[in-house]
Amino acid sequence: MTLRSFTLHDQIERNALLHGGCTAFVADGQALTHAQYAARVASLAGGLAGAGIAAGDRVAILAHNGQAYVDLIGAAARLGAIVVPINWRLSSEEVAYVLSDTTPKLLIAAPDMQPLVAGAELAGVRKYTTGPGEDAGTGWSALAGLYLERAAPTPAVIADDAGLLIVHTAAVGGRPRGALLSQANLLTAHSSLVQAWSLTERDVNLGVLPLFHVAGLGLMLTVQQAGGASVIASKFDPQQAVCDIAAERVTVMSEFAPMLAGLMDQAKGDELATLRAVTGLDTPATIERFANACPHAVFW
């Protein structure tokens, strides 16, 4: 970090210093503190570097939300690499296009999503799976093997205008376009919401939107910037979401219809009482219902 540059990696290190013992993520049934997350990021960054990933290289991921997803974003920020989150709702042809458009050096895919890349040109691309074990016969190695027992060396200074994500737009009248988002893009946008919502290290995000989408990814990074925590869900289940909101004292979330209505249908008591801000798109009737059910909260 320099006087002119502050990156996501600097933010992760800052959180480890200021809020090290506080929860950063709850994912895959396990809670991680900010200090533990910083250590995982350093460990994975070392493994990625050993696999040939350097500043400017692209790493694609095709998987449901989980700790590996979050670790990859932090590790890429540390290396100055670029993450390509792929929409798992796409067809295999569309996935092949995204991969050809971004030319990643390394691909991470969940076992159940590997068939989506069967038709892609992956010559020279190193392939890793989020699943357990290693299957040399298929050419997929276990991502767990990239986590080093020792932390990676302190990275070289990465400028905050370096790219961090390539998110593909919706295809309207043609192919989707890969939008390159820099570390400064993301941190600046998130700073606005941190200020608008007065977010602090006490806030908790319910991360139910897929991390390949800027809405889900953006709110997770926003709360992380405030020093808060995110509960990362692999999929949206209204009953489980209500339980998570109550158990983890969730304060903010992002949603699309009919998710909010589903939450209110499942809540039988004051399970939603800790919510203070929900952002997304929904019907006027649902927003009015939410205002009545949670008068202490605001819908953006």
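This text follows the structure it describes.
None of these values were measured; they are calculated from a predicted model.

Quick notes on the pattern of salt bridges
Following the criterion strictly, the structure yields six salt bridges and no others. For lysine 105, the salt bridge identified is with aspartate 57, shortest N-O distance 3.4 Å. Here the residue lysine 105 occupies a position in the loop between α4 (92–102) and β5 (106–109), and aspartate 57 occupies one in the loop between α2 (34–50) and β3 (58–62), the gap between them amounting to 48 residues. Lysine 105 gets classed as partly exposed once you look at its relative accessible area, which sits at 37%.

Some words on the pairing of strand β6 (residues 126–129)
Pairing of β5 with β6 involves four bridges; the strand directions are parallel. Bridging across to β6, leucine 106 finds its partner in arginine 126. Pairing between β6 and strand β7 (residues 141–142): two bridges, direction parallel. Within the sheet, the bridge partner assigned to threonine 129 lies in β7 and is alanine 142.

With respect to the sheet that holds strand β11 (residues 229–232)
Backbone-to-backbone hydrogen bonds join strands into a sheet, with any given pair of strands oriented parallel or antiparallel. Reading across from one edge, β2-β1-β11-β10-β12-β13-β14 is the order of the seven strands in this open sheet, with mixed pairing throughout. Each having just a single partner strand, β2 (30–33) and β14 (298–299) make up the two edges of the open sheet. Note that strand β1 (residues 23–27) and β11 share three bridges and pair parallel. Note on β11: the bridge partner recorded for phenylalanine 25 is serine 230. In this fold α2 packs onto β1 and β2, with an angle of close to 90° to the strand it touches most, β2.

Observations regarding α4
Among all positions in α4, only Val95, Ala96, Tyr97, Val98, Leu99 and Thr102 are buried. Buried residues along α4 sit in contact with β3, β4 (82–85), β5 and β8 (163–168). Threonine 103 occupies a position one or two residues after α4 and carries a positive phi of about 45°.

Observations concerning the packing of helix α8 (residues 259–266) against helix α9 (residues 284–293)
Direction vectors running N to C along α8 and α9 enclose 40°, while the axes themselves pass 10 Å from each other. Comparing their axes, α9 and α8 come out oblique. Our pair here, α8 against α9, has a crossing hand that is left-handed. On the side of α8, the interface is formed by Leu260, Ala261, Met264 and Asp265, while α9 contributes Thr286, Arg289, Phe290 and Ala293.

Thresholds applied
Here, residues in each chain are numbered from 1, in the same order as that chain's written sequence. Whole-chain, interface and lining totals are the exception, using all residues; otherwise, since this is a predicted model, local features are given only for residues with pLDDT of at least 70 and side-chain atom pairs are given and counted only at 80 or more. The side-chain figures draw on all heavy atoms in the structure; neither hydrogens nor water molecules are used. Salt bridge criterion: a side-chain nitrogen from Lys or Arg within 4 Å of a carboxyl oxygen from Asp or Glu. Working definition: helices are DSSP H or I runs of at least four residues, strands are E runs of at least two. Numbering for both runs from the N terminus. Accessibility here uses a 1.4 Å probe with only protein chains present; expressed as a share of the type maximum, an area under 20% marks a residue as buried, one over 50% as exposed, and anything in between as partly exposed. A pair of strands is treated as paired once DSSP finds two or more bridges between them. Throughout, a residue-residue contact means that at least one pair of heavy atoms, one from each residue, lies within 4.5 Å. Note on geometry: axes are C-alpha line fits, over the in-contact stretch for helices, and angles between N-to-C directions span 0 to 180 degrees. Note that the term roughly parallel is reserved for angles under 35 degrees, roughly antiparallel for angles over 145, roughly perpendicular for angles of 65 to 115, and oblique for everything else. Whether a crossing is left-handed or right-handed is set by the direction in which the near helix is turned from the far one by less than a right angle, anticlockwise for left-handed and clockwise for right-handed.

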